[in-house]
Amino acid sequence: MVKRREPTARQLRLATELRRLREAAGLNSRQAAALLGVAPAQITHIESALAGVSEQRTRRLASHYACTDEEFIDALVAMANDRTHGWWEEYRGRLPTSFLDLSELEHHARFIRHVAILYVPGLLQTEDYSRAVFSARLPELTAEETELRIQHRKARQKLTVPYETVLHEAALRIRVSDRATARAQLARLLELSEADHITVRVVPFDLDGFARASSTMTYLGGSVPKLDTVVRDALHGSAFIDSEAQLNTYRTSFHKVEAASLDPGQSRDFIHRLAKEL
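Report follows, based on the coordinates. (Residues numbered from 1 in each chain as written. Predicted model: local features only at pLDDT ≥ 70, side-chain atom pairs only at ≥ 80, totals over all residues. Heavy atoms only, no water.)

### A few points about the overall build of the chain
Short version of the rule: By definition, any uninterrupted DSSP run of H or I lasting at least four residues is a helix, any uninterrupted run of E lasting at least two residues is a strand, and each is numbered from the N terminus. The buried label goes to any residue with under 20% of its type's maximum accessible area, the exposed label to any with over 50%, and the partly exposed label to all in between, with areas taken from a 1.4 Å probe on protein chains only. Contacts between residues were defined by any pair of non-hydrogen atoms, one from each residue, lying within 4.5 Å. Each accessible area is a Shrake-Rupley estimate made with a 1.4 Å probe; only the visible protein chains count as cover when residues are assessed. The convention is simple: Lys and Arg are positive, Asp and Glu are negative, and His and the chain ends are not counted. Charge positions are represented by NZ for Lys, CZ for Arg, CG for Asp and CD for Glu.
Each helix and strand in the chain was counted, giving twelve helices and six strands. Its C-alpha atoms put the chain at 70 × 40 × 30 Å along the principal axes. Buried positions account for 46% of the 278 residues belonging to the chain. Here the contacts in the chain between residues at least 6 apart in sequence split such that 73% fall between residues at least 24 apart. Accessible surface for the chain amounts to roughly 14,300 Å². Of this, 50% is attributable to carbon and sulfur atoms. Computing the positive centroid from 38 side-chain charges and the negative centroid from 37, the chain places the two 3 Å apart.

### Points about the nonpolar core
In globular proteins that are soluble, nonpolar side chains generally tend to be buried together. Put simply, the rule reads: Remark: nonpolar core denotes a set of buried residues (Ala, Val, Leu, Ile, Met, Phe, Trp, Tyr, Cys) joined through side-chain atoms within 4.5 Å.
Judged by nonpolar contacts, the single largest core of 27 residues is most densely connected at Ile112, Leu124, Leu172, Leu186, Leu189 and Ile271. Secondary-structure elements contributing two or more residues to this core are α6 (97–108), β1 (111–116), α7 (127–135), β2 (163–168), α10 (179–192), β3 (198–203) and α12 (264–277). A total of four residues in this core trace back to one element, the largest contributor, which is α12. If near-sequence neighbours (up to four positions away) are discounted, Leu172 is found in contact with Leu167, Leu186, Leu189, Val202, Phe270, Ile271 and Leu274. Among the nonpolar cores identified, the runner-up in size contains 24 residues, and Ala32, Cys67, Ala75 and Val77 belong to it.

### Thoughts on the pairing of β2
Definition in use: For two strands to pair, DSSP has to find at least two bridges joining them.
Summarising burial for β2: six of the six residues are buried, a large majority. What you see with β2 is no split at all: Tyr163, Thr165 and Leu167 on one side and Glu164, Val166 and His168 on the other are buried throughout. When β1 meets β2, the two strands line up parallel, connected through five bridges. For His114, the partnering residue across the bridge sits in β2 and is Thr165.

### With respect to a nonpolar patch on the surface
As a reminder of what qualifies: Each patch is built from salt-bridge-free residues with over 30% relative accessible area, joining like charges within 9 Å and nonpolar side chains (Val, Leu, Ile, Met, Phe, Trp, Tyr) within 5 Å. Salt bridge, as used here, is a side-chain nitrogen of Lys or Arg placed within 4 Å of a carboxyl oxygen of Asp or Glu.
There is a patch of nonpolar side chains on the surface, built from Leu118, Tyr119 and Ile174 and spanning about 280 Å² of accessible area. Within the secondary structure, Ile174 is located in the loop between α9 (169–173) and α10. Accessibility expressed as a relative area gives 36% for Ile174, which makes it partly exposed.

### A look at α12
Each α-helix winds once per 3.6 residues, and so residues spaced three or four apart point in a common direction. We count it as follows: A helix is expected to reach a length of 1.5 Å times the quantity of its residues less one. Throughout, the arc means the angular range of directions from the helix axis out to the C-beta atoms.
If you check α12, its first and last C-alpha atoms are 20 Å apart, about what 14 residues at 1.5 Å a residue would give, namely 20 Å. Regarding α12, the residues found buried are Ser267, Phe270, Ile271, Leu274 and Ala275. Considered in projection along α12, the buried side chains sweep an arc of 140° and stay on one side of the axis. Tucked inside the fold, the buried residues of α12 contact α9, α10 and β3.

### Quick word on the packing of aromatic side chains
Put simply, the rule is: Ring pairs are drawn from Phe, Tyr and Trp, using the six-membered ring of Trp, whenever the two centres fall within 6.5 Å, and their geometry is named by plane angle: stacked under 30 degrees, edge-to-face over 60, tilted for the rest. Criterion for a charge above a ring: Arg CZ or Lys NZ at most 6 Å from the ring centre, at most 35 degrees from the ring normal.
Per the stated rule, a full pass over the model turns up three aromatic pairs. Both rings, one in Trp87 and one in Trp88, keep their centres 5.8 Å apart while their planes meet at 80°; by these two values the pair is edge-to-face. Look at Trp88 and you get buried, because its relative accessible area is 2%. Considering the side-chain rings of Trp87 and Tyr91, the 6.2 Å spacing of their centres and the 90° angle between planes classify their relative orientation as edge-to-face. Three or more aromatic residues joined by ring pairs form one cluster here, namely Trp87, Trp88 and Tyr91. The aromatic ring of Phe72 is capped on one face by Lys226, whose charged end is 4.8 Å from the ring centroid.

### Some words on empty space enclosed by the protein
If you roll a probe as big as a water molecule over the atoms, it shows you where there is empty space left. Condition: Using only the protein atoms, space was sampled on a 1 Å grid; points where a 1.4 Å probe fits but cannot get out form cavities, open sets with protein on both sides within 12 Å along at least five of seven lines form pockets, and lining residues are those with an atom within 4 Å of a point. Grid points are joined across faces, edges and corners, and a volume is the space filled by probe spheres set on the points. Amino acids are sorted into nonpolar (Ala, Val, Leu, Ile, Met, Phe, Trp, Tyr, Cys and Pro), charged (Asp, Glu, Lys and Arg) and polar (every other residue, Gly among them).
Under the criterion given, the structure shown has one cavity of 30 Å³ or more. Volume-wise, the largest cavity comes out at about 70 Å³. What lines the largest cavity is a set of 14 residues, and nearest its centre among them are Tyr129, Leu172, Ile174, Ala182 and Gln185. Those elements that place two or more of their residues in the lining of the largest cavity are α9 and α10. No other element matches the five residues that α10 contributes to the lining of the largest cavity. Residues of the lining of the largest cavity, tallied by class, amount to nine nonpolar, three polar and two charged.

### Quick look at the pairing of β1
Within a regular beta strand, the side chains point alternately toward one face of the sheet and then the other, so they alternate between its two faces. Extensive coverage of β1 is indicated by the burial of five of its six residues. For β1 and strand β4 (residues 217–221), the ladder comprises five bridges, and the chain directions are antiparallel. Residue pairing in the sheet places Ile112 in a bridge with Leu220 of β4.

Structure below.
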C-alpha cells in the first residue's frame, strides 16, 4: 500500500464519511478491520485519507456499518472511484492547499450559494478588483504570488453550475481600489447577473431590523445533501465545515438571508443606481 503525501479535499471527505459511519455503528478501528479482513492500520489509513479504498471495500464497509442509504453509498463509491486530475493541480506546491481544495469542491458542486458582506465574491470579481484585494493581504504577497492567485481565481470563474449570491450593500460600496475599479466591478456584476446560471441579490443598508447578513459564507452542494460543504474565510485561512448539524444551520441561515434580500430584478436596479453615483 502506497501512502498518499497530500490527500485532496474530496479524498478527505470520503475518509471522514467512512469514519462517521463506523462510529455511528459503534465499532472501533480494530473491529472494522476484522470485518474487512485487513490490519487495523489499514482502516486508520483509509479514515485519514492516506490510502485509497476500492468500490468493493467501500460497499462492504457501508454494509458492515448498517448504512442503508443507497444514494449516499453510491455517492461515496463515486468519490472512491474518482481519478480526476483537475486544472487546479498545476498550482499544487505554488498556492496554499486550501485554494486547491476550494477549486476541487467547486468543480464537483451541484450548486453554489454565497453570502458576501465586505467584498464581492471571488467568482464575480474583475481582475483589477482581485488584484486590489490580494494586494491588501497581510503579510504582503510578492508580485509573483499575487499573479498566481489572480490567474487561479480567473480559472475558477469558468464554472457553469447554478450560482446564487446575496451581497450586502457594504460589499458594493467599499472601494478596494479606485473609482474606476469600483465602476468596472459594478458593471461586471450587472453583466453576470444576466447569465442563466447566476443569480445576484442585494441586502440594502436601509432594510429594517435585519441582523442575519453578518458573516460571509460559501455553501457548496454535494452530489447528495449529506456531502454538502460550507467554506468560511478567516485571517488564518479557509475553514471547511461538513457536519450535518452545522450544515443545517447554514442552510437555514442562507434561506433567511435570501428571503430578506431584494429580488434579482430589484437587485439589478439597485446596483445600476450605485454605478450611476460613481
